[in-house]
Structure formats: C-alpha cells, structure tokens
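As a plain string of letters, each chain reads:
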Amino acid sequence: MEKHKNVIIEASKLNKNFKTGDIEQQVISDMNITIYEGDFTVIMGSSGAGKSTLMYVLSGMDRATSGSIVYKGEDIVSYSDDKLAVFRRKNCGFVFQQMYLLEKMSLIDNVVTAGSLVEKNKSLVKEHTKELLKKVNIEETLWHKFPSQISGGEAQRVGIVRSLINTPAVVFADEPTGALNSSNSDVVLDVFSKINNEGQSVIMVTHDKKSALRANRIIYLKDGKIFGELKLENYNINDHHREELLNNFLAEMEW
Ligand SMILES: Nc1ncnc2c1ncn2[C@@H]1O[C@H](COP(=O)(O)OP(=O)(O)OP(=O)(O)O)[C@@H](O)[C@H]1O
C-alpha cells in the first residue's frame, strides 16, 4: 500500500538519552521510523513516552545521542549546526502549544519578516501572509495590531501562519491546539488538512482523539519505542468508520 509513497524522513537505530546529574534516561530507544511524503502522521502515546523528544530529534532541533536520520536521501546527523539551521529554515515548519510572537512588531510584520528570510520578493510574501491570515480567521482589522493587543488564541493562530509562511515541506506540530478552544482548534486543523491535501507533510503530536482523526497514519509510542501503528484513509469529515478504528486501536494500546 505504501509503495507509491516517497520516504521523506528515515531514522534508524535512533537513541536519545538525557543525563540529569548521575542519572541517564533513555527517552528514545533504538527506534526505526519512516515518515512518508504527503502523509499526515500523528504521534500519540502516554505522557513521558518520548513524543516531543522524537519531534525535536527528527526535525534537527536537537541532536540524537546515536542513530541516523536521513531526510530526502541526505544524512542530516552529519550536518554542522549552521547547516542544520539552514536545513530547518528551508524545509521545516514548527508549531507548538504556545507560539511566541515578537512583541515589538505588528502581527503582519511578524509573519512577513519570517517569510522574507526565504523569499526575497516582499510583495509576494505579503500576499501569501494575507491569504494565510484569512485562512485562520484573523480578520484584517487585527493585522496591524501588536501581540499584546490580541487574545491568546489569536496569537496562536498568527504564530501558526508564521510557521507556514515559507510553505515548509514538513510541518512539525506539537500539541498545536492544546491552548485553543474547540472552534479555533477546528480552524487550525482545517488548515493542516488543507496544506496536507496540497502536498505538505504534517507530523503532529496530540493527546486529542478528534485531532488525531486528521491523520492517515497514527504511530503510538510507549517507553521510547513504537508500540503500534494504525493506517487510516485520508480525512473525510463524514467518515465515522475512522473514529471506530481509532477507538479500537487506542483500546488495544491501553491508552
Ligand atoms: N531536556 C531534557 N532534559 C532532561 N530530560 C528530558 C528533557 N526533555 C525531556 N526529558 C525527559 O524525557 C522524557 C520524555 O519527554 P517528552 O517530552 O518527549 O515526552 P512526551 O511523550 O512528549 O510527554 P507529554 O505527553 O507529557 O508531553 C520525560 O521523562 C522527560 O522528563
């Protein structure tokens, strides 16, 4: 079934340890994981299973203790810190539970500044910024306000727009809707589904079943290892069968 899909990230024998004082904790343990291009991959698992750590390591935000990570055929583990920073800027978008905007810049400038690091044609960046702000329901009346003048949910959505402005090939999202109410969560998840339909790969950590249903593949972690995996058809709001499959899978995982 996977044969038509290209591999975008392939990690082998991945380990990540943290040392606190004399105690060393193995958080990712000899993991082999393949992420396919164009997939909406969701990572679930109990608290402390290593989900966020895995996202940091796969995206080159943090270094693995050992193992290889190959992104579109290139081994990123061997990259210098500078090369890794360029790689991230070109290929990855990051969305966290809390997105911090630059306080001294208007909302629109927060996004345009990030976009201008990659695209030199500023009017193109501005157009794209406006289009994305509209997509996440940030109205024009807000665009020239400063972060201190808007709500937390609005700031989160602007932060997401900033993460997407360079059309990253892979979007890493760690509990992106954790701080949002239900309608704003839907807005953000709809944007993720849309960019995913247009070809961008999404890897999202979530504890929320409704968010997880956006995925076409769910990977369940336990104690730093892959404990189970579920494949789903592409998201379709009217398909209730997917929910049943997810419920059964999570019961099997003892979630
Ligand atoms: N920088 C760090 N230094 C030391 N230990 C860390 C560090 N980051 C994570 N850990 C430890 O690694 C383990 C896994 O953390 P991680 O955040 O990856 O889990 P998670 O599955 O994302 O959990 P949650 O669902 O609660 O966010 C935890 O025991 C955590 O304390």
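My aim in this report is to walk through the structure given alongside it, one point at a time. (Residues numbered from 1 in each chain as written. Predicted model: local features only at pLDDT ≥ 70, side-chain atom pairs only at ≥ 80, totals over all residues. Heavy atoms only, no water.)

### What about unusual backbone geometry?
Only a minority of non-glycine residues have a phi that is not negative, and only a minority of peptide bonds are not trans. Which entries qualify depends on this criterion: With a 1.4 Å probe rolled over the protein chains alone, any residue whose accessible area is under 20% of its type maximum counts as buried; one over 50% counts as exposed, and the rest are partly exposed. Secondary structure elements are taken from DSSP: a helix is a run of H or I of four residues or more, a strand is a run of E of two residues or more, and numbering for both begins at the N terminus.
With a phi angle near 45 degrees, Lys13 is a residue other than glycine that sits in the positive phi range. Residue classification places Lys13 among the exposed positions, given a relative accessible area of 57%. Positive phi is not limited to glycine here, since Asn137 has a value of about 60 degrees. Along the chain, Asn137 falls in the loop between α4 (122-135) and α5 (152-164). For Asn137, a relative accessible area of 47% translates into the label partly exposed.

### A short note on the packing of aromatic side chains
Let me state the cut-off plainly: Centre distance within 6.5 Å is the pairing criterion for rings of Phe, Tyr and Trp, where only the six-membered ring of Trp is used; planes under 30 degrees apart are then read as stacked, over 60 as edge-to-face, and the remainder as tilted. By definition here, charges over rings are those cases where NZ of Lys or CZ of Arg is within 6 Å of the ring centre and within 35 degrees of the ring normal.
Per the counting criterion, the structure on display carries six aromatic pairs. Ring geometry for Tyr56 versus Phe96: centroids 6.3 Å apart, planes at 20 degrees, classification stacked. A residue pair is termed long-range when its members are at least 10 positions apart, and Tyr56 in helix α1 (residues 51-58) and Phe96 in the loop between β6 (92-95) and α3 (107-116) qualify at 40 residues. Using a relative accessible area of 33% as the deciding quantity, one classes Tyr56 as partly exposed. Members of the aromatic cluster, connected to one another through ring pairs, are Tyr56, Phe94, Phe96 and Phe172. The ring of Phe227 is capped by Lys222, whose NZ or CZ atom sits 4.4 Å from the centre of that ring.

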